[in-house]
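Examination of the molecular architecture
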Amino acid sequence: MLYVTILELEAAINYWRGQSPAEGEELRLCPEASALAKPYALMIVQGAQRVPLDVLDEIAQSAIHQFKKIS
């Protein structure tokens, strides 16, 4: 089983925020950063250090895969 760490999620979120900064008055995140922010927040609340990759939704999985290709 493949895992993604909380540090990888944080780095990927920061990468996607750099690629597509927040927009509008509500500072809406791009779809990739938004999809990664949900599991990131849950991991913080639960005190988890890693999460199985297959529990992430399709957008989050794609965002992680793309981020790992360039990092």
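Each residue is numbered by its place in its chain's sequence as written, counting from 1. Confidence filtering applies because this is a predicted model: local features only for residues at pLDDT of at least 70, side-chain atom pairs given and counted only at 80 or more, and all residues used for totals across whole chains, interfaces and linings. Just so you know, side-chain values use all the structure's heavy atoms and leave hydrogens and water out.

Let us look at the packing of helix α1 (residues 6-19) against helix α2 (residues 31-46). Where helices are involved, their axes are fitted lines through C-alpha atoms of the stretch in contact, as for all axes, and angles between N-to-C directions lie from 0 to 180°. Helix and strand assignments follow DSSP, with helices taken as H or I runs no shorter than four residues and strands as E runs no shorter than two, numbered in order from the N terminus. In the contact formed by α1 and α2, the axes pass within 9 Å of each other and the chain directions differ by 150°. Put simply, α1 runs roughly antiparallel to α2. Classified by chirality, the crossing of α2 by α1 is left-handed. On α2, the residues touching Ile6, Leu9, Glu10, Ala12, Ile13, Trp16 and Arg17 of α1 are Glu32, Ala33, Leu36, Ala37, Pro39, Tyr40, Met43 and Ile44. Across the contact of α1 with α2, the residue classes break down as twelve nonpolar, no polar and three charged. Orientation is classified from the angle alone, with under 35 degrees giving roughly parallel, over 145 giving roughly antiparallel, 65 to 115 giving roughly perpendicular, and any other angle giving oblique. By definition, any crossing whose near helix is turned counterclockwise from its far helix by less than a right angle is left-handed, and any crossing with a clockwise turn is right-handed. It only takes one pair of heavy atoms within 4.5 Å for two residues to be counted as in contact. Three classes are used: nonpolar for Ala, Val, Leu, Ile, Met, Phe, Trp, Tyr, Cys and Pro, charged for Asp, Glu, Lys and Arg, and polar for all others, with Gly counted as polar.

Any carboxyl oxygen of Asp or Glu that lies within 4 Å of a side-chain nitrogen of Lys or Arg is treated as forming a salt bridge with it. With the rule as written, the count across this model stands at three salt bridges. We note a salt bridge from Glu8 to Lys68, for which the minimum N-O separation is 3.6 Å. Taken together, the residues Glu8 in helix α1 and Lys68 in helix α3 (residues 58-70) connect sequence positions 60 residues apart. The salt bridge involving Glu23 is made with Arg28; its shortest N-O contact spans 3.5 Å. Using a relative accessible area of 43% as the deciding quantity, one classes Glu23 as partly exposed. The classification of residues rests on relative accessible area computed with a 1.4 Å probe and restricted to protein chains. Under 20% of the type maximum is buried, over 50% is exposed, and intermediate values are partly exposed. Owing to a relative accessible area of 45%, Arg28 belongs among the partly exposed residues under this scheme. A single network of salt bridges, built from pairs that share partners, joins Glu23, Glu26 and Arg28.

Coordinates in, geometry out; function isn't part of it.
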